[in-house]
Amino acid sequence: LKEFLEERSKKGYSRKEVIQRKKNGRLFPAELSSSVFTDTLGNERAVIIVHDISNRVQAKNEILREKKLSDSIINSLPGVFYLFSHDLKFLRWNKNFETNTGYTTVEIENMHPLDFFSEEEKPHVAEKIKNVFSTGEGKNEFTTITKTGDRFPYFLTGKLIDYEGKPCFLGIG
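The notes below deal with the structure included here.

Reading guide: rules and limits
- The residue count restarts for each chain, going from 1 along the sequence in the order it is written.
- Per-residue local features of the predicted model are confined to residues with pLDDT of at least 70, and side-chain atom pairs are confined, for both listing and counting, to 80 or more; whole-chain, interface and lining totals are unaffected and use all residues.
- Only hydrogens and water are set aside; all other atoms, that is, all heavy atoms of the structure, feed into the side-chain values.
- Salt bridges are defined as contacts in which a side-chain nitrogen from Lys or Arg sits within 4 Å of a carboxyl oxygen from Asp or Glu.
- Numbering of helices and strands starts at the N terminus; helices are DSSP runs of H or I of at least 4 residues and strands are runs of E of at least 2.
- For each residue, the accessible area found with a 1.4 Å probe, counting protein chains only, is set against the maximum for its type, and the residue is called buried under 20%, exposed over 50%, and partly exposed in between.

1. Re the pattern of salt bridges
Item 1. For the coordinates displayed, the defined rule picks out 13 salt bridges.
Item 2. A salt bridge links Lys11 to Glu7; its shortest N-O distance comes to 3.1 Å. Note that Lys11 and Glu7 are positioned in helix α1 (residues 2-11) at a spacing of 4 residues, about one turn of the helix.
Item 3. Residues Glu98 and Lys95 are paired through a salt bridge, measuring 3.9 Å at the closest nitrogen-oxygen approach. With Glu98 and Lys95 both in helix α3 (residues 95-101), this residue pair falls 3 residues apart, about one helical turn.
Item 4. By relative accessible area, Glu98 is classed as buried at 15%.
Item 5. Within this structure, Arg15, Glu17, Glu31 and Arg56 form a network of salt bridges that share partners.

Okay, here's the thing in structure tokens:
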């Protein structure tokens, strides 16, 4: 409460999530909002609003539970899994993708899907990616290149999916 009031004093307003107790003793998540204003007589006044955010917290917990489930499913796949956007930015991948390519999470976040193929294969792979975005699916065998330069043949399957309202390429290998 002290931090909340100090912030309100400095900024003129404050907002904080807290646990409140109802009259019956039950605890619930709440959002406290407070603003300072000057009334028509020039007196400084404050208003504090307590908003029950139980539904928001429950929805957030359900989303986290579903994300954990989807991560478990994706990471239990025997091969590689990856998802990238139409602008060719990786959105998700499984641990096998990292293990098999030798790249870290941070490295993959900044990579392009074509970075895993030789210069000779890149035009062919690019054409196959383009076809998936136009026809909805595709499959082919390619040789991928790891971070250490090792080469492995993969049979890759791609599907066009709608992810967060945008067309994305979901691939497994």
